[in-house]
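# Topology and contacts: notes
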Amino acid sequence: MRDLAIVGAGPAGMAAAVAAARAGLSVVLVDSGARLGGQYFRHAPAGFRARRPGALHHGFGRFAALAAELGRHGVEVRLRRRVWAVERTTDPGPPVTPPATDAGPPVTPPATDAAGDGGVVLHCLAGDREERRESVAARRLLIATGAHDRPLPFPGWDLPGVFTAGGAQALLKGDLVTAGRRVVVAGTGPFLLPVATALAAAGARVAAVLEANGRFGPASAMAGHPGRLAEAAGYGYGLARHRIPYLGRHAVIAAHGDRELTHVTVADLDRDWAPRRRRTIACDALAVGYGFVPQIELAVQIGCATRAGTDGTPVVAVDAGMRTSVPGVYAAGEPTGVGGAELAEVEGRIAGRAAAADLGRRVPPDPGLPARRDRLAAFARALQTAYPVRDGWKGWLTDDTLICRCEEVPYARIKQAARLGATDARSMKLLARPGMGWCQGRVCGYAVARLAGEDPGPPRRPVAQPVRLGDLAGDPAEDLGEEPAGDPGGEDPR
């Protein structure tokens, strides 16, 4: 049994693993990807040698440093592992209510072990095509599962050629392929800028970047963050260099094409996102994104308390040491609130140190960590406030617009469910089936909740990842054995 199991090998998970291993814990880092880094540190395929390794993302140097420390401190890395369930092996006692303030993690061991002699077991599916069952046991658990794109439905969003902004970036970073030859980037939030400039630098013609909110909303938030101002200036230079128009209060309200995307309808929006003037832009690819949704399925599954984030999306509630309401379970990065890679890394370091302290290791004080976390978290909240998702997008929908693509549920059926008495997302799901398909509401969940007139609630799924019935029916005793260190299923993760 390891001291600490970490789910998610992005900035938060890698930083937590390094911090905990430095303090003397035995750590296993589990991720579904084929390589370390998560979504932010995604890098080119194995065997590709870039002339400039950091050309596809500006965090390559930090990734390389963290990856080297993982090896130096003996962290076990298990890749290609999809964690579909997590459970406690014993009852560790009553929940702990996280305090309202964030004053930093304790740096001396507590008098007692909050989780007693218990621990957690992760149930995974390991491998690519022929997945096998595998379990990982540990005394403590850190959830650093990141976030995924939050799309909004609009007519034609199911056409080939329409990508999420994160999907377009992942295709470029991971496979060295641009989403199209002539691309429109649309949605809201600062993430649109690195996507657009990266696509342009890779050779795509970016026809426009369309920001549904104002272009200069976060200017006041950046005043105390010179590094962020410099980063924004760099993106501005990239847009100017490639002659990419950056239009505020504009959005793609429809995509068109017979079998693939050929053009989009762009509207000038008022402050509530109601369309005014319309025009079309020819393109063969659209990258669209309206922020991110934290992946908290595992945290909810094991019983962690949640709270409403800045934009109303549920996030995991944590205390100053990133401890959740379940003793022995920690969360860091986007599951505690979307805030970017730098904040995630700081939170990971805090969580790793707290786990080590809670297990009796001596952890030297680092008073700068809590202050840095508070500063970065305040900036993240300011950005989310500057880039809200307004309900005017509902006016873009037509009766035949698919809301749930897995179950092919059109907007007309959602309205019919409302007439039949559906007043929340759950009753919508029961009457019209949105969210009952392969993705289990990950894509349509936000839209269905907002169409029902409520903020999305915590995802309550007994199975966090799609699994086969045979995986559920098998003998659990078969997969409880410990596996040798390393990743026998594939390449060197580093």
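- Where an unreviewed UniProt entry is consulted, the protein appears under the name NAD(P)/FAD-dependent oxidoreductase, with the organism given as Sphaerisporangium rhizosphaerae.

## Side note on the sheet that holds strand β10 (residues 205-211)
- Read from one edge of the open sheet, 5 strands run β8-β15-β9-β10-β11, paired in parallel fashion. The open sheet has two edge strands with one neighbour each: β8 (162-164) and β11 (246-248). Averaged over all pairs of adjacent strands, the angle between strand axes in this sheet comes to 20°, irrespective of strand direction.
- Sheet analysis places strand β9 (residues 182-187) next to strand β15 (residues 285-289), joined by 5 bridges and oriented parallel. By the bridge assignment, Val185 is partnered in β15 with Ala287.
- Here helix α3 (residues 165-175) sits on the sheet in contact with β8 and β15, set at roughly 90° to β8.
- Where helix α4 (residues 192-201) meets the sheet, its contacts fall on β9, β10, β11 and β15, and the angle it forms with β10 comes to roughly 175°.

## Describing the sheet that holds strand β14 (residues 275-282)
- Sheet architecture is open: 3 strands sit in the order β12-β13-β14, paired in antiparallel fashion. Single-partner strands in this sheet number two, and they are β12 (250-256) and β14. The mean angle between the axes of side-by-side strands here comes to 30°, regardless of whether they run parallel or antiparallel.
- In this structure, strand β13 (residues 263-269) lies alongside β14, joined through 6 bridges in antiparallel fashion. Opposite Ala267, over in β14, you have Arg278 as the bridge partner.

## Side note on the state of the cysteines
- Inspection of the entire model under this criterion finds 0 disulfides.
- Counting only cysteine sulfurs, Cys444 is the nearest neighbor of Cys404, a cysteine outside any disulfide, at a range of 4.1 Å.
- In this model Cys439 remains outside any disulfide bridge; the closest cysteine sulfur is found in Cys406, 3.9 Å from its own.
- Residue classification places Cys439 among the buried positions, given a relative accessible area of 13%.

What counts and what doesn't
Note that residues are indexed from 1 along each chain, following the sequence as it is written. Reporting of local features is limited, given that this is a predicted model, to residues whose pLDDT is at least 70; pairs of side-chain atoms are given and counted only at 80 or more, and all residues count toward the totals for whole chains, interfaces and linings. Only heavy atoms go into the side-chain values, all of them from the structure, while hydrogens and water stay out. For two strands to pair, DSSP has to find at least two bridges joining them. A helix here means a DSSP run of H or I that spans at least four residues, while a strand means a run of E at least two residues long, and both kinds are numbered starting from the N terminus. Axis definition: a line fit to C-alpha positions, over the contact stretch in the case of helices; interaxial angles, taken between N-to-C directions, run 0 to 180 degrees. Any two residues whose heavy atoms approach within 4.5 Å at even a single point are treated as in contact. Here, a disulfide means two cysteine sulfur atoms that sit within 2.5 Å of each other. Relative accessibility under 20% of the residue-type maximum defines a buried residue, over 50% an exposed one, and the middle range a partly exposed one, all with a 1.4 Å probe and only protein chains included.

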